[in-house]
Amino acid sequence: LGQEIHYFPEVDSTNNEAKKLAANGCPEGTIVVAESQATGRGRLARGWFSPFGKGIWFSVVLRPPFGPMDAAKCTLMAAVGVNRAINRVTGVGCGIKWPNDILWNGRKVVGILTEMSAEMDAINYVVIGMGINANMKEFPSEIAATATSLALATGQTVSRVILLAEILAELENVYTLVQQAGFESVFAAWRQESITLGRQVRVQGFQRNFSGLAVDIDADGALLIKTAQGVERVLAGDVSIRYD
Ligand code: BTN
């Protein structure tokens, strides 16, 4: 991954740029990386704080031989790759919150946004966008209580170039493994690095809210939650870990 790199001082969103390149036939592994994003996007139609030079805002184009149902699993795969790279380069103990946030000390360090284009039963391309809070010291008030950065976690400035190179190498590792041995091989690592499993969680779904014990992920990457009514399956939505 990263044989073709498109670097921008500023873009609207690296995911948008990557989707344009992908639609125009760019090779698999193409990277879009920017110093800042004017309209960085998060999951569930949220924004993503992307100040100049402080983070790693990038997207990678994959052309996996999978079906559209596998796109959500690509996100879990990516979370394993980035979590490993971060823990190795910085030495901080981050963990994965389902589905795809990387947290340190209960606060968010990385967000992942996966977008897909598919026709019939085949994926045309998948764009995996990652926002890594590397060196910021302050956050806007809306996220000040829930976000942190690797610089705050380590007390040191983090080399974005070294970290990005490691992230790409680890993403390539997990992607290769999935293609050779299936998603389950990477889900095993996801379970080990998860900070969600074994915890009481609260789910804010599209239809209803409920709480329960997060027990596992299934073959689709859905989170399984044990409640008084039985085991619930969550494929999308917002899950918060309860500390009460
Ligand atoms: C989330 O946690 O809600 C996902 C955040 C994803 C942010 C990254 S930054 C690079 C890429 N471009 C975007 O517009 N979003 C992703």
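Residues numbered from 1 in each chain as written. Predicted model: local features only at pLDDT ≥ 70, side-chain atom pairs only at ≥ 80, totals over all residues.

When you go through the chain residue by residue, the secondary structure sums to five helices and twelve strands. Computed over its C-alpha atoms, the radius of gyration of the chain comes to 17 Å, within 12% of the 18 Å expected for a compact globule of 244 residues. Buried residues in the chain amount to 42% of all 244 residues. Pairs at least 24 apart in sequence give 61% of the contacts found in the chain among residues at least 6 apart. (Helix = DSSP H or I, 4+ residues; strand = E, 2+ residues; numbered from the N terminus. Rg over C-alpha atoms; globule rule 2.2 N^0.38 Å. Buried ≥ 20, exposed ≤ 12 C-beta atoms within 10 Å, placed from the backbone. Contact = placed C-beta atoms within 7 Å.)

Quick look at the environment of Gly93 now. Mapped onto the elements of the fold, Gly93 is located in the loop between helix H2 (71-90) and strand S4 (95-97). Of the residues examined, Gly93 has 12 C-beta atoms within 10 Å and is grouped as exposed. For Gly93 and Asn83, which are ten residues apart along the polypeptide, the C-alpha to C-alpha distance reads 9.1 Å.

Looking now at the sheet that holds strand S9 (residues 209-217). The sheet built from five strands is open, its strands ordered S11-S10-S9-S8-S12 with antiparallel pairing. The two strands at the open ends of the sheet, each matched to only one other strand, are strand S11 (230-234) and strand S12 (238-241). Looking at each pair of strands side by side, their axes are set apart by 45° on average, direction ignored. Where strand S8 (residues 200-204) meets S12, four bridges bridge the pair, whose relative direction is antiparallel. Bridge pairing in S12 links Gln204 to Asp238. (Pairing = 2+ DSSP bridges. Axes fitted to C-alpha atoms, helices over the stretch in contact; angles between N-to-C directions.)

Once that is clear, we can look at the UniProt feature "binding site: biotin" (unreviewed entry) in the chain. Feature annotation in UniProt assigns "binding site: biotin" (unreviewed entry) to the following positions: Ser13, Thr14, Asn15, Gln37, Arg41, Gly42, Arg43 and Lys108. In this structure, Arg41 sits in the loop between strand S2 (31-37) and strand S3 (56-62). Once you skip the residues sitting within four places of it in the chain, Arg41 turns out to touch Ser13, Asn15, Gly47, Trp48 and Leu113. With respect to the helices and strands, the residue Gly42 is situated in the loop between S2 and S3. In this structure Gly42 comes out as partly exposed when scored by C-beta crowding, with 14 C-beta atoms within 10 Å. Among residues more than four places away in sequence, those in contact with Gly42 are Gly47, Trp48, Gly111 and Leu113. (UniProt positions renumbered as here; feature names shortened; annotations may be inferred.)

Quick look at the site of the ligand now. Around the ligand, the structure places 21 residues, and the nearest of them are Ser13, Gly42, Gly111, Gly129 and Gly131. Looking at the shell around the ligand, the elements with two or more residues in it are helix H1 (14-23), S3, strand S6 (107-119) and strand S7 (122-132). (Near = placed C-beta within 6 Å.)

Our focus in this paragraph is the nonpolar core. Formed by 67 residues in total, the largest nonpolar core has its most connected members in Phe58, Met77, Ala79, Val82, Ile102, Val126 and Ile128. Sorting elements by how many residues they give to this core places H2 first, with ten residues. Other than its neighbours up to four places away in sequence, Ala79 contacts Ile96, Asn100, Ile102, Ile112 and Trp190. (Core = buried A, V, L, I, M, F, W, Y, C linked by C-beta atoms within 7 Å.)

Looking at the chain, the domain boundaries give domain 1 (5-193) and domain 2 (200-241). Computed over C-alpha atoms only, the centres of domain 1 and domain 2 are separated by 23 Å. Counting residues at the interface gives eleven residues for domain 1 and nine residues for domain 2. For the side of domain 1 that touches domain 2, the secondary structure elements donating two or more residues are H2 and helix H5 (184-193). For the side of domain 1 that touches domain 2, the leading source of residues is H5, giving four residues. Partitioned by chemical class, the residues of the side of domain 1 that touches domain 2 number seven nonpolar, no polar and four charged. (Domains from an automatic or database assignment. Nonpolar A, V, L, I, M, F, W, Y, C, P; charged D, E, K, R; others polar.)

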